[in-house]
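Structure assessment
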Amino acid sequence: ERCTALGISYLVMHPGAHCGQGEEPCLRQIAKSLDILHQRLPDSKLITCLEITAGQGSCVGHRLEHLATIIDLVEQKNRLGVCLDTAHLFAAGYDFRGSKYRQFVREIEQTVGIQRIKVWHLNDSKKDLGSRVDRHDHIGEGKIGVEGFRPIVNDDAWENIPKILETPKETAPDGRDWDIGNMERLSALMSRRTRAAAGSST
């Protein structure tokens, strides 16, 4: 209701946790809950973006298949999108670095679909690949490494998709805000053509 009142287009949410009841019943309950929300706000243009999770505890949504199942079960599928968080993906076991990026994109295509991705959260991970622990780090300071972001920021598929930093809000060793350093590191990975396109769209 607040998003609709404020004219906000996208709302990002973690799907939820099964708390011991099992993944399948949880996914069905999430879909039913989304159907109720859609029924209560029939005229809303809001797109709810299901965010991939790291899979801590009993949290669901750490597999793209989980998100695809929820979308498949919801009646008004056009009101759902997906948010990809790099730290969550990595902790959940998805390796998108270097030559593995193409296979990762194929997994997106085979599950939720490229067109369903509405937003990215760009964060490094303090924890290892497949750790299922959600701990964000600054770009290039974690286990993903700065080069792990190169394919994402240069992929035409994401050119017009919002990309948001959820890195720790701290002062860097050089005295500047870490957000500035994180943005500079990501910008340095972009090709000249990608930078030119980004500049023309701002």
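As a starting point, this report considers the structure included with it. (Residues numbered from 1 in each chain as written. Predicted model: local features only at pLDDT ≥ 70, side-chain atom pairs only at ≥ 80, totals over all residues. Heavy atoms only, no water.)

Within the protein chain one finds eight helices and nine strands. For 202 residues, the compact-globule estimate of 2.2 N^0.38 gives 17 Å, and the C-alpha radius of gyration of the protein chain, at 17 Å, lies within 12% of that figure. Projected onto its principal axes, the C-alpha coordinates of the protein chain cover approximately 50 × 40 × 35 Å. Within the protein chain, buried positions represent 44% of all 202 residues. Here the analysis covers contacts within the protein chain between residues at least 6 apart in sequence; of these, 73% occur between residues at least 24 apart. A total accessible area of about 10,600 Å² is found for the protein chain, and carbon and sulfur atoms account for 50% of it. Computing the positive centroid from 27 side-chain charges and the negative centroid from 28, the protein chain places the two 2 Å apart. (Helix = DSSP H or I, 4+ residues; strand = E, 2+ residues; numbered from the N terminus. Rg over C-alpha atoms; globule rule 2.2 N^0.38 Å. Buried < 20%, exposed > 50% of the residue type's maximum accessible area, 1.4 Å probe, protein only. Contact = heavy atoms within 4.5 Å. Areas by Shrake-Rupley, 256 points an atom, 1.4 Å probe, with all protein chains shown as cover. Lys, Arg positive; Asp, Glu negative; His and termini not counted. Charge placed at Lys NZ, Arg CZ, Asp CG, Glu CD.)

The sheet built from five strands is open, its strands ordered β1-β3-β5-β6-β9 with parallel pairing. Among the strands making up the open sheet, the edge pair consists of β1 (10-13) and β9 (163-165). On average, adjacent strands in this sheet sit at an angle of 30° to one another, irrespective of strand direction. Here four bridges tie β1 to strand β3 (residues 47-51), and the two strands are oriented parallel to one another. Bridge pairing links methionine 13 to leucine 50 in β3. (Pairing = 2+ DSSP bridges. Axes fitted to C-alpha atoms, helices over the stretch in contact; angles between N-to-C directions.)

Roughly 250 Å³ of volume is contained in the second largest pocket. Around the second largest pocket sit 13 residues that line it, and Glu1, Leu11, Leu37, Leu41 and Leu46 are the ones nearest its centre. Residue assignment for the lining of the second largest pocket shows that the elements contributing at least two residues are β1 and α2 (23-40). Counting residues per element, the lining of the second largest pocket draws most heavily on α2, at four residues. By residue class, the composition of the lining of the second largest pocket is seven nonpolar, three polar and three charged. (1 Å grid on protein atoms, 1.4 Å probe; cavity = no way out; pocket = protein on both sides within 12 Å on 5 of 7 lines; lining within 4 Å. Points joined across faces, edges and corners; volume = space filled by probe spheres on them. Nonpolar A, V, L, I, M, F, W, Y, C, P; charged D, E, K, R; others polar.)

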